[in-house]
Structures are given as C-alpha cells and as structure tokens.
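Each chain, letter by letter, is given below.
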Amino acid sequence: MPPVKKIGVLTGGGDAPGLNAVIRAVVKAAHNAGIDVVGLEDSFDGLLDPSRSRVLTPRDVTGILRLGGTILGTTNHGNPFEYPADTPEGKVDYSDKVVDTFHKMGLDALVVIGGDGSLSIAHQFYLKGIPIVGVPKTIDNDIVGTTSCFGFDTAVDFAALAIDRLHTTAEAHKRIMVVEVMGRYAGWIALHSGVAGGADVILMPEIAYDLEKVAADIRKRESFGAKFSIVVVAEGAKPVGGSHTLREPARAGYVERLGGVGITVAAQLEELTGKEARCVVLGHLQRGGGPTAFDRVLATRFGGAAVELLRRGVFGKMVANNPPDIVPVPLADIVGRTKTVPLDYDLLRTARAVGVSFGD
Ligand code: F6P
C-alpha cells in the first residue's frame, strides 16, 4: 500500500465533548507527518456531496481543544447504507456514491470519529475497500473493546454537579428528587454520577427495578432521620417484567429514542411513600459544553494514535484505551455489541456496600 498522503476526517452520531480535541490532534499530527486533511461535514453526508468538505490546516483547529460540539457538524440519521428518503421503503442505499466520492476527492484513507452506529458504518465501508481508522466516541461509555471513551467523564461530571445541587433543595423540602440521566442501554453514567453525587438510589438498565423495594429503602432512610432521597434513573432503566420507556419508536434510518422513565418513577414513588417527588431530566446538558481535562487528554491520545495507525498502514481498526496504552482493536470485534455494566463491577459492589439501593 502506498503511503497515505491525504485523509478525510468526519464526526458521526450524537456529539460528545472532546470531538474537537480529536479533530485538532488528527489535523496537527497529520500535518506534522506531511499528510493533508480534509474535514467532511455532517458525518458521511460530507462524502455524498464534495462541496460539504473543506481542507483543514493547523490554523483551522487552533483554539478548538476546549470547545464542545464539533466544528464539522454531525448527524445520527445519515447512514449512507440506509439513508432516510421519501421512498416506499423510507430509505435509500447511497454507499456506492460515498465510495465514488472518496476516490474522486483523492483521499487515501478516512478517520471516522463516532459511536457504535458510526463505527459499524465505518466497518461496512472498510469491507467495501475504504482504508479506515475508527475513533470511539460516546458519553454512554458503551463501546466494547475500550475501557473508556471521551465524553463520558464530562457527562458524569456534569450529572454529579447537578445531583449536588439537587441535594440541597431535596433536603430543604424533604422531597424525593429523581434525576434522569442519559446512557441508552447501559448504566455507566447513572452508576458513576450516582456514586459521585452520593445518590441513595440508582436505577439502571442492567438491574430491573421494583419500586416497592425502592420505597421501602427510602422509608428506611426516614427511620434514621434522613427525610429526603436522591434517586438517579438511567433513561434505559426498566421495571421487573417491563421494558424501556420510549419517547419515539425506531423508523427507517432512525433509532428508537429513550426517555421519560424519570417522571413515571417520581409519580409512583410519590404514591408509594406519601412523600413529594420531583423529576429533573438532564438530557442534552450532559453532552453540551467543553470537555473535562481527562476527556481532552483521552481525545488527543486517540487522535494521535489514529494518525500513527494511518502512517503504519493499519486499517479496519479502532483506537482503544487499554491502560496504560492506546491499542488498535479490529472494528469487526465491536460491531453490533454493547458494553453494559457487569454485575460484578467493583463500583457496583461498593455502591451496594455503602448502602445504595438498586431497587432489586
Ligand atoms: O448516545 C448518546 C446519547 O446522548 C444517548 O445517551 C441518548 O439516548 C441519545 O444519544 C440521544 O440522542 P438524540 O441526540 O438523538 O436525542
């Protein structure tokens, strides 16, 4: 394979704090290695229409390390293999057009910064002959093969600070405060922010909950004088025998949207305990704003490692955090899999040991 001289970089799926830090690292490391970089706008859309791309030089990425969002834009419903369209099937396969544009633009390789969805698409394009390196991104921390993803630390930090604030008002009013956090089908954000914020109850997708048990645990707190409780609920949490609460079902080109479990939990706990309950949904506040120092460092390491792989001609891999190293992991190994919280995870066991209720 001839040396890589020109690469494209794109951000796909939902945004996560640290995307710009990766773009910056890719552009600067590539430039210093004599590789030109083209930024592709709005995920793979930038490869459907070449006018939606621009050359990125170190000057273009100066000052973006600390910025949230992504200077390239993104979308989580732009899968070229199933592009939403006004057709009887509701979708069209534009993947050949993407491959064609990739070659017409004179690109030698692609860096795809995305979550499980975008990395699965990247893998499909790798199988279609595009040399690809993936960079894992998600606030949910649910990508297999990497111990962590940038964005997660920022989301947890924000949620923990929100829980701190809710503590004071919960205590003043002797209420139950229910905080709904993101995370999709994994409870990483709920568990980590709940422990960091000192939550009394954490409900997460991996452990089906029984609100009678939660109510009993809240009553127990009353018995030693704690008249308020903080309940962290992951958006993907489900009751015993029940399923996730959906805001919107899946449709062609769009995945299902979770959300709404917090308000139900608050209403039911109010009934079961006789105490006032309120619900706060943190939603996209967890994804907005700049990355923490940890996420800036991880994102920069990922960007640098991605360019290193390109220089070595190693493709079809995702850079992954495997402390103390950043290592390549085959994209094929992560496709279609979700990293949920293991039930023997030490933090889960410790949370139980210090008295956190999981409603089971
Ligand atoms: O995957 C990141 C995430 O923020 C999830 O936690 C959440 O379920 C989803 O994306 C929300 O997606 P959207 O931005 O489309 O509402």
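In this report, we go over the structure that sits alongside the text.

Rules used in this analysis
Residues numbered from 1 in each chain as written. Predicted model: local features only at pLDDT ≥ 70, side-chain atom pairs only at ≥ 80, totals over all residues. Heavy atoms only, no water. Helix = DSSP H or I, 4+ residues; strand = E, 2+ residues; numbered from the N terminus. Rg over C-alpha atoms; globule rule 2.2 N^0.38 Å. Buried < 20%, exposed > 50% of the residue type's maximum accessible area, 1.4 Å probe, protein only. Contact = heavy atoms within 4.5 Å. Expected span 1.5 Å × (residues − 1). Core = buried A, V, L, I, M, F, W, Y, C linked by side-chain atoms within 4.5 Å. Axes fitted to C-alpha atoms, helices over the stretch in contact; angles between N-to-C directions. Parallel < 35°, antiparallel > 145°, perpendicular 65-115°, else oblique. Left-handed = near helix turned anticlockwise from the far one by under 90°.

1. Considering the overall build of the chain
Looking only at helices and strands, the chain features nine helices and 15 strands. Computed over the C-alpha atoms, the radius of gyration of the chain is 22 Å, within 12% of the 21 Å expected from 2.2 N^0.38 for a compact globule of 360 residues. When its C-alpha atoms are laid out on the principal axes, the chain stretches across 70 × 50 × 30 Å. When each of the 360 residues of the chain is scored for burial, the buried share is 53%. Within the chain, contacts between residues at least 6 apart in sequence are counted, and of these 73% link residues at least 24 apart.

2. Observations concerning helix α5 (residues 188-197)
A large share of α5 lies buried, amounting to seven of its 10 residues. Every buried residue belonging to α5 is among Trp188, Ile189, Ala190, Leu191, Ser193, Gly194 and Gly197, and all of these are buried. Those residues of α5 that are buried are in contact with α4 (152-173), β8 (176-181), β9 (201-203), β10 (229-234) and α9 (346-353). One or two residues past the end of α5 sits Gly198, with phi positive at roughly 70°.

3. Thoughts on helix α1 (residues 19-32)
In a regular helix each residue adds 1.5 Å, so 14 residues correspond to 20 Å; α1 covers 20 Å between its end C-alpha atoms and thus fits that length. Counting buried positions along α1 yields 10 of 14 residues, so the element is predominantly enclosed. The inward-facing, buried residues of α1 contact β1 (6-11), β2 (36-40), β3 (53-56), β6 (109-114), β7 (132-136) and α8 (293-312). The positive-phi residue at the C-terminal boundary of α1 is Gly34, with phi of around 75°.

4. A look at the nonpolar core
If you look at the biggest cluster of nonpolar residues, it comprises 34 residues, and the most contacted ones within it are Val181, Leu191, Ile202, Met204, Ile230 and Phe358. Secondary-structure elements contributing two or more residues to this core are α4, β8, α5, β10 and α9. Ranked by residue count, the leading element in this core is α4, at eight residues. Excluding residues within four positions of it along the chain, Ile202 makes contact with Ala190, Leu191, Gly194, Val195, Val232, Val356, Ser357 and Phe358. Among the nonpolar cores identified, the runner-up in size contains 33 residues, and Val111, Val133, Leu309 and Val314 belong to it.

5. Observations regarding the packing of α4 against α5
Put simply, α4 and α5 touch, their axes get as near as 8 Å, and they point 45° apart. One finds that α4 runs oblique with respect to α5. Of the two elements, α4 crosses α5, and the hand of that crossing is right-handed. Within the contact between the two elements, α4 uses Phe152, Ala155, Val156, Ala159, Ala160, Ile163, Asp164 and His167 and α5 uses Trp188, Ile189, His192, Ser193, Gly194, Ala196 and Gly197.

6. Some words on the side chain of Arg175
Mapped onto the secondary structure, Arg175 falls in the loop between α4 and β8. Using a relative accessible area of 14% as the deciding quantity, one classes Arg175 as buried. Those residues in contact with Arg175 that sit more than four places away from it in its chain are Ala170, Lys227, Phe228, Ser229, Glu276 and Arg278.

7. Focus on the side chain of Asn321
On the secondary structure map, Asn321 appears in strand β14 (residues 317-322). Discounting residues that sit within four places of it in the chain, Asn321 has contacts with Thr146, Thr147, Ser148, Leu298, Arg301, Phe302 and Ile326.

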